[in-house]
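For reference, the chains in residue letters:
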Amino acid sequence: MKSPSSDPVRLNRYLSMCGIASRRKADDMIEAGRVMLNGTVVKELGIRIRPGVDQIFVDGAEAVMVKEPQYLVLNKPKDTITTLSDEKGRRTVIDLIRSRERVYPIGRLDRNTTGVLLFTSDGSFAHQLMHPRFRIPKSYRVRCDNPVTREHMAMLRSGVRLSDGVTGPADIRSLPGGKGTEVGITIHEGRNRQVRRMFELLGYEVKSLDRVAYGPITYEGLIRGSVRKLTIREIRALRRLALGDEE
Ligand code: URA
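### Considerations on the domain arrangement of the chain
Taken domain by domain, the chain comprises domain 1 (9-62), domain 2 (71-132 + 217-242) and domain 3 (137-214). Computed from C-alpha atoms alone, the centre-to-centre distance between domain 1 and domain 3 is 45 Å.

### Remarks on the side chain of Ser139
Mapped onto the elements, Ser139 comes out in strand S10 (residues 138-144). Ser139 gets classed as buried once you look at its relative accessible area, which sits at 14%. A polar contact is formed between the side chain of Ser139 and the side chain of Thr186, at a distance of 2.8 Å. Beyond its immediate stretch of four places on either side in the chain, Ser139 contacts Ile185, Thr186, Asp210, Arg211, Val212 and Ala213.

### Observations concerning the site of the ligand
Around the ligand, the surrounding shell consists of Leu109, Asp110, Thr113, Tyr140, Arg193, Gln194, Val195, Arg196 and Leu209. Here Asp110 contributes a side-chain N or O atom positioned 2.7 Å from a nitrogen atom of the ligand. In the model, a nitrogen atom of the ligand is placed 3.2 Å from a nitrogen or oxygen of the Val195 main chain. Here the ligand, which alone exposes 230 Å², has 95% of that area covered by the protein. In terms of residues, the shell around the ligand owes the most to one element, helix H6 (residues 194-201), which gives three residues. Partitioned by chemical class, the residues of the shell around the ligand number four nonpolar, two polar and three charged. A domain split of the shell around the ligand shows at least three residues from each of domain 2 (71-132 + 217-242) and domain 3 (137-214).

### Focus: unusual backbone geometry
Despite not being glycine, Arg135 shows a phi value in the positive range, around 50 degrees. Examined against the element boundaries, Arg135 turns out to sit in the loop between helix H4 (123-130) and S10. For Arg135, a relative accessible area of 43% gives the class partly exposed.

### Quick look at the packing of aromatic side chains
The final tally for this structure, using the stated rule, is two aromatic pairs. With a centroid separation of 5.5 Å and 85 degrees between ring planes, the pair formed by Tyr71 and Phe125 is classed as edge-to-face. Of this pair, Tyr71 sits in strand S7 (residues 71-76) while Phe125 is found in helix H4, placing the two residues 54 residues apart along the sequence. We note that Tyr71, like Phe125, is buried. Both rings, one in Phe199 and one in Tyr204, keep their centres 6.4 Å apart while their planes meet at 70 degrees; by these two values the pair is edge-to-face. One Lys or Arg, Arg224, reaches over the ring of Tyr219 and ends 5.3 Å from the middle of that ring.

So, how was this worked out
Residues numbered from 1 in each chain as written. Predicted model: local features only at pLDDT ≥ 70, side-chain atom pairs only at ≥ 80, totals over all residues. Heavy atoms only, no water. Domains from an automatic or database assignment. Helix = DSSP H or I, 4+ residues; strand = E, 2+ residues; numbered from the N terminus. Buried < 20%, exposed > 50% of the residue type's maximum accessible area, 1.4 Å probe, protein only. Polar contact = N/O pair within 3.5 Å; in protein donor to acceptor, adjacent residues only side chain to side chain. Contact = heavy atoms within 4.5 Å. Near = heavy atom within 4 Å. Areas by Shrake-Rupley, 256 points an atom, 1.4 Å probe, with all protein chains shown as cover. Nonpolar A, V, L, I, M, F, W, Y, C, P; charged D, E, K, R; others polar. Phe/Tyr/Trp six-rings, centres within 6.5 Å; stacked < 30°, edge-to-face > 60°. Lys NZ or Arg CZ within 6 Å of the ring centre and 35° of its normal.

In structure tokens form, the structure reads like this:
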């Protein structure tokens, strides 16, 4: 199987994947003439290289990617905390991942929210995905205590005022089977407890909240509490969303 990292990548990204410097610091190193590409000093920012094919030296030492970055999806169960460790001994998402490599959750889900939670060992990629600028769509299935009225659906669709500002436009639809209490909502922001707060504001109690998709990634075929690696196609789709023209 072809590795995603064998695709051309920007030199600064490659240096950050080698653990040499952040992308910005890597740019400084390139501009300072400290980086050689196939025997020649490169000062051109934005140049792309082929990992495993081109030879990169920094300050005379070869820059090699030690490990492939990991990309995982967990179908998070209830009663699990999105944190790297919990001093009270509660079950964390990391307990379920059981990765030998250090991986970071991309965003967070509340303790009792279920569904799609992504992880990666590539900290800078995680950072990019979480940046509000990229507006990654996140879709949820919400079950409320009472049927959600059409008027409230319209309000949630156009934006409601929460304590930290007005929410952006959302896609919202009633789902079959719940007698109006179950709705699907897609938001493009990731504020703390955002979906719960949006419904609570209008007087609903959220009985269950399930994230069914994060960008192009769903938990289809993955039982609750289990984890799988993302496919190369999924990684590429995520990169396209997060990195735009950089890849
Ligand atoms: N919105 C919430 O309210 N909770 C989550 O866990 C995710 C989104």
